[in-house]
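Summary of structural features
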Amino acid sequence: MAVIDLNADLGEGIGDDEAMLTLVTSANIACGFHAGTPTLLAETCRAAAVRGVRIGAQVSYPDRSGFGRRFIDIAYDDLVADVIYQIGALRALAHAAGSTVSYVKPHGALYNTVVHHERQSAAVIEAVRGVDADLAVMGLPGSQILRDARAAGLPTISEAFADRGYRPDGTLVPRGEPGALITDSADVANAVVRMVTSNTVTAIDGSTISVAAQSICLHGDTPGAVEHAQAVRHALAAAGVTIAATG
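Residues numbered from 1 in each chain as written. Predicted model: local features only at pLDDT ≥ 70, side-chain atom pairs only at ≥ 80, totals over all residues. Heavy atoms only, no water.

Looking at the overall build of the chain
Scanning the chain from N- to C-terminus turns up eight helices and 10 strands. For 247 residues, the compact-globule formula gives about 18 Å, and the C-alpha radius of gyration of the chain, at 17 Å, lands near that figure. Taken along its principal axes, the extent of the C-alpha atoms in the chain is 45 × 40 × 35 Å. The buried share of the chain, reckoned over its 247 residues, is 55%. Residue pairs at least 24 apart in sequence account for 69% of intrachain contacts in the chain once pairs closer than 6 positions are excluded. Here the chain has roughly 9,900 Å² of accessible surface; of this, 52% comes from carbon and sulfur atoms. Considering the chain, the positive charge centre built from 17 side chains and the negative charge centre built from 26 side chains are found 2 Å apart. (Helix = DSSP H or I, 4+ residues; strand = E, 2+ residues; numbered from the N terminus. Rg over C-alpha atoms; globule rule 2.2 N^0.38 Å. Buried < 20%, exposed > 50% of the residue type's maximum accessible area, 1.4 Å probe, protein only. Contact = heavy atoms within 4.5 Å. Areas by Shrake-Rupley, 256 points an atom, 1.4 Å probe, with all protein chains shown as cover. Lys, Arg positive; Asp, Glu negative; His and termini not counted. Charge placed at Lys NZ, Arg CZ, Asp CG, Glu CD.)

Side note on the pattern of salt bridges
By the definition in use, this model includes seven salt bridges. Here Lys 105 and Asp 9 are joined by a salt bridge, their closest N and O atoms 3.8 Å apart. Highlighted residues: Lys 105 in strand S4 (residues 101-106) and Asp 9 in strand S1 (residues 3-10), separated in sequence by 96 residues. Among the residues examined, Asp 9 registers a relative accessible area of 7% and is labelled buried. The salt bridge involving Arg 51 is made with Glu 18; its shortest N-O contact spans 2.7 Å. You can see Arg 51 sitting in helix H2 (residues 38-51) and its partner Glu 18 sitting in helix H1 (residues 17-20), a full 33 residues away along the chain. Taken together, the salt bridges that share partners define one network made up of Asp 9, Lys 105 and Glu 159. (Salt bridge = Lys/Arg side-chain N within 4 Å of Asp/Glu carboxyl O.)

Spelled out as structure tokens, the structure:
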């Protein structure tokens, strides 16, 4: 029987976190660099802990005004320190909530950059390993960061995206470009079932690509996010798929 984890970006001060926490099994909680306040992040950690939802640190460039969605040519040592700082802060908040941080997932532009950027990927991995070598790294299948994580002996969690368009090379269509977002709940649910049961997805050019994923990201800040998540859960249940934190 297939098993899949469902994750969502939470603690950003947008979207319905309470509803999403009843639908996902992993929460990528902001660490304050792109969104969130200490109070909000603490509340989100407590809410996740109460529901038994796994917590991940969603680390970002220091870019609150751009919501972490702008590339920054940041110095190597600065990125290492920034990531260590963010993981440490969220670990403390999670600990106070009676939980722990189990994995690290880059956010926004940093996520897309470490798919191929060797220097920034290496910096993120150095930071994660420096904090805790048992922390898993969540990222796109075939990405530089997952290769670096495995080489460093870190656990990895490969993920796919429920509501995002894919390029033929397996990367995501950049936000703002045609086909970047899937907006119909039925289309989102159908795509996820296909990802989980056949490990494939249709790219924007109509080609079929492989997406072997242990977790599916359901963005909590997109219009209709809760409806998308509900449709996905119902469709997975109908397909006989077990939903649980994996990796």
